[in-house]
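Next come the chains, spelled out residue by residue.
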Amino acid sequence: MGTDLWGTTAIVGVGETDYVRGSDRHVCDLILDAAMDAITDAGLKPADINGIIPPPGYMSTEEIAAHLGVPDVAYHVSVLMGGASPTASLQTAAMAIAGGLADNVLVCMGWNGYSALRPKPDARPTKRVMNLGPMGETVRNHYAPYGLMSAAQHYSLYLRRYVETFGIPEDAAAAVAIACRNHAQLNSKALMRGAPLSRADYDAAPFIAEPLRKFDCCVETDCATAVVVTSLERARDLVHPAVVYLGGAEGHPEPADEIANRANLLELGIHRAAPRAFARAGVSPHDIDVLEIYDCFTYVVLLQLEALGYAEPGGAPAFVANGNIELGGRFPLNTHGGLLSQGHCWGLNHVVEATRQLRGTADAQVTDAELALVTGYGDLGDGSVAILGRDR
Amino acid sequence: MRTYVPTPEWIVLDWHHACIAAELLCIQRCTGCGRWRHPPRRFCPACQSDQATFEPVTGSGSVLSFAVSHRSLDPGWQAHAPYATLLVELDEGPRLLAATTTPPGEIRIGQRLAVRTEALSENFVLVWADPASHDEPTSMAPRARGNPHD
Ligand SMILES: [Zn+2]
């Protein structure tokens, strides 16, 4: 199976809503709009879809199929790894296709990440919520009673350790925040288009949970995204150039369900996923042309770059310096603006952007991009990696 | 000031009940091989035994890391922002979070700590940790700086 799986499937359709704060659309409408856009983008009809991976919460496969008009769901599965879910879902979609369980698989994500906490006064109420999955129990029992409710607070437990162990300067986090914001200026759908970020702005912003300042944290957004995965063979008959899923992996820290008792607080799921993903895709970190790195928080980007092999532990600050991760640099990072500045769609927006880069149709296009790497990061440090390439 | 107090269940509840009964911090210990472990688990990862007890620990440990929150969704904690939450490594080995009355600027990784528990309900104890110092008068009780659970 291994040799029949990697490089035999492709992303053929992408869809996304606008990224906004305060949507007039119900969360279900966002998810269904993105899903229909992805199917249409692929040149397919809902009846062609027979595999569905729904978002972690909000909507079920059964509902999505019924509202889209998908008559025969042959395979579905839910992936519950928080923000690592969408990128990990690609390997599940590929397995279903390579194993003959499904032909065309829809992966979707969407939420009212801004409005859920701050509904407009006239908004119709919704009881739909995310599925917190494995971290719900730990936060409820062990973190929230200590005043740690938000992801920024939970992750700061190991980001503090990271910063102090290696003497990570704020310059490094600022470089990530500013690169993402610069790229958002070029992206037609980015929430933060038109709102550039200077180093002075970054420095002047208050702390949320140390070392995280305001601009180290991603933007809460109402949005949805979706992709369609199919076999490479079928992909070659469809409208867009096939974007091949060359390899991917997931990984979990030990233990995955809580942070405190990990032998190494700085060893996350991606440290285990990254070598698996590169081996499966048959490429090395320095073959990659575009990096779409899960950027819930800037310092989490730095840790992931080290896990991926772009720097030694503690060496990410040098990697992100001197424009290396800006458009035009050697490793352009989050060319759509990322979760930090395009909007937070749980990293499926990173998959959408990587697909556009490899089609050659991105708003901030990397010249001759042939290989893109996407990561996901979620819950209490779960990780996922996807390596995508142009069809040759 | 309202502050969230959970109602634990299953073996987490057993842990809280053990701490309340002993009026001390207790930690799960494997009957098979003697290893300490936290949070409570059904099987020992070293010897797979499911026989374990909750035993009092010395209450001594050190700061492995800490969070400094400048805002909180919890009104009780928000009133004390910025506040630190300590990731404590007990001398017995297991680690756990602890609230502290020590100002964030006075906390250092590696600092020695003394841990105590406070029952907030019949089913929940909060763990507190503050620097173990022989210089401080004993009247420097944790509540002196304000307890978000007051
Ligand atoms: Zn044992």
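Residues numbered from 1 in each chain as written. Chains lettered and ligands numbered in written order. Predicted model: local features only at pLDDT ≥ 70, side-chain atom pairs only at ≥ 80, totals over all residues. Heavy atoms only, no water.

1. Quick look at the sheet that holds strand E3 (residues 52-56) of chain B
Residues and elements named next belong to chain B.
Inference 1: Spatially, E2-E1-E3 is the arrangement adopted by the three strands of the open sheet, whose pairing is antiparallel. Looking at which strands have only one partner, the edges of the open sheet turn out to be strand E2 (36-37) and E3.
Inference 2: The sheet strands contacting helix H1 (residues 10-22) are strand E1 (26-30) and E3, and the helix crosses E1 at an angle near 120°. (Pairing = 2+ DSSP bridges. Helix = DSSP H or I, 4+ residues; strand = E, 2+ residues; numbered from the N terminus. Contact = heavy atoms within 4.5 Å. Axes fitted to C-alpha atoms, helices over the stretch in contact; angles between N-to-C directions.)

2. Structural notes on the interface of chain A and chain B
Inference 1: In this assembly, 29 residues from chain A lie in contact with 37 residues from chain B.
Inference 2: Between chain A and chain B the total buried area reaches about 2,900 Å² when both faces are included, carbon and sulfur atoms providing 57% of it.
Inference 3: The tally of links between chain A and chain B comes to one salt bridge.
Inference 4: One salt bridge connects Arg41 of chain B with Asp257 of chain A, and the closest N-O pair in it is separated by 2.7 Å. (Buried area = accessible area lost by both parts, 1.4 Å probe. Salt bridge = Lys/Arg side-chain N within 4 Å of Asp/Glu carboxyl O.)

3. Observations regarding unusual backbone geometry
Inference 1: Between Glu254 of chain A and the following residue, Pro255 of chain A, the backbone shows a cis peptide bond with an omega angle of -5°.
Inference 2: Here the residue pair His38 of chain B and Pro39 of chain B is connected by a cis peptide bond, since its omega of -10° sits within 30 degrees of zero.
Inference 3: Tracing the backbone shows Pro39 of chain B in the loop between E2 and E3.
Inference 4: At Asp379 of chain A, a position not held by glycine, the phi torsion is positive, near 45°.
Inference 5: Within the secondary structure, Asp379 of chain A sits in the loop between strand E10 (371-378) and strand E11 (382-390).
Inference 6: Classification of Asp379 of chain A by relative accessible area gives buried; the value is 8%.
Inference 7: Positive phi outside glycine occurs at Glu23 of chain B, with the angle close to 55°.
Inference 8: Within the secondary structure, Glu23 of chain B sits in the loop between H1 and E1. (Buried < 20%, exposed > 50% of the residue type's maximum accessible area, 1.4 Å probe, protein only.)

4. As for the sheet that holds strand E7 (residues 222-231) of chain A
Residue and element names in this part refer to chain A.
Inference 1: Spatially, nine strands are ordered E3-E2-E4-E7-E1-E8-E11-E10-E9 in an open sheet, and the strand pairing comes out mixed. The open sheet has two edge strands, strand E3 (75-76) and strand E9 (290-292), and neither has a second partner.
Inference 2: In the sheet, strand E8 (residues 243-251) pairs with E11 via eight bridges, with the strands oriented antiparallel. Paired with Gly247 across the strands is Ile387, a residue of E11.

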